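Residue-level structure breakdown
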Amino acid sequence: MLTFSQEIWLKILEGALIGVPVLVIGILFIRHFRAKPDALAELTKHLASCIHSISWLCWSVQHSPAAIRGNIKTYNAEMHKQLSDLMASRVQLAVQDAERYNTLAPVMAKVLALDWKVGKVVAGCLSLHPLQEAAAQKELINCHVEATELDKELLKMVSDMLQVKE
């Protein structure tokens, strides 16, 4: 039989044995999730960034056809970086929220397809005959229209997910 004072110390010890690990785990849990950016925001940022790069290249061709040659290198460097960030943020969202990931999957596929299309046109632009180059420029102008529509679609999807009224 324990004395009253021994019982109190035992309860304090039990509390410490349970409370301290719970506190430590709680702190680590909070730090872990605070350190990570919101996966939806990150993916949206990277998709919007890719769309912007595509749009900017295609817009510049529409307003200054000679700009294509100067902007190709910049576009390739931007997209190379952005696509790796996009892939990482896709995985992050898939892990954190599969439903939102699946909702955005069609837009991601369209962005990747549009980049492929632009890349194919751009790859041929440097060695084309002037008449073929004019056709390539028209194709890039069409890609600008697609990029603009993709941007609107992305905004609508994310707004709907977050139930934001425009």
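The structure we're discussing is the one just above.
Everything numeric in this text was worked out from a predicted model, so none of it was measured. (Residues numbered from 1 in each chain as written. Predicted model: local features only at pLDDT ≥ 70, side-chain atom pairs only at ≥ 80, totals over all residues. Heavy atoms only, no water.)

1. As for the overall build of the chain
Helix and strand counts for the chain come out as five helices and zero strands. For the chain, the sequential pattern of α-helices and β-strands runs α-α-α-α-α. For the chain, the residues scored as buried account for 30% of the 166 residues in total. Pairs at least 24 apart in sequence give 78% of the contacts found in the chain among residues at least 6 apart. Carbon and sulfur atoms make up 65% of the accessible area of the chain, which amounts to about 10900 Å² in all. (Helix = DSSP H or I, 4+ residues; strand = E, 2+ residues; numbered from the N terminus. Buried < 20%, exposed > 50% of the residue type's maximum accessible area, 1.4 Å probe, protein only. Contact = heavy atoms within 4.5 Å. Areas by Shrake-Rupley, 256 points an atom, 1.4 Å probe, with all protein chains shown as cover.)

2. Remarks on the pattern of salt bridges
A complete count under the given rule lists eight salt bridges for this structure. The partner of Asp97 in a salt bridge is Arg100, and the shortest N-O contact between them spans 3.6 Å. The closest approach of N and O atoms between Lys110 and Glu153, which form a salt bridge, is 3.0 Å. Of this pair, Lys110 sits in helix 4 (residues 98-125) while Glu153 sits in helix 5 (residues 130-162), and the two are 43 residues apart along the sequence. By relative accessible area, which is 40% here, Lys110 ends up partly exposed. (Salt bridge = Lys/Arg side-chain N within 4 Å of Asp/Glu carboxyl O.)

3. Remarks on the side chain of His46
Along the chain, His46 falls in helix 2 (residues 39-63). Here His46 is in contact with Asp85, Leu86 and Ser89, once residues within four sequence places are set aside.

4. Considering the environment of Lys110
The sequence separation of Lys110 and Ala147 amounts to 37 residues, and the corresponding C-alpha distance is 9.3 Å. Filtering out sequence-adjacent residues up to four positions away, Lys110 remains in contact with Leu150 and Glu153.

5. A look at the nonpolar core
If you look at the biggest cluster of nonpolar residues, it comprises 34 residues, and the most contacted ones within it are Leu47, Ile54, Leu104 and Val118. The set of elements that each furnish at least two residues to this core consists of helix 2, helix 3 (67-96), helix 4 and helix 5. Broken down by element, the residue count for this core peaks at ten residues, all from helix 2. In this structure Leu47 touches Leu86, Val107, Met108, Val111 and Leu154, once residues within four positions along its chain are discounted. (Core = buried A, V, L, I, M, F, W, Y, C linked by side-chain atoms within 4.5 Å.)

6. As for the side chain of Ser53
Relative to the helices and strands, Ser53 is located in helix 2. Assessed through its relative accessible area of 3%, Ser53 is described here as buried. When residues no more than four places from it in sequence are discounted, the contact partners of Ser53 are Tyr75, Glu78, Met79 and Gln82.

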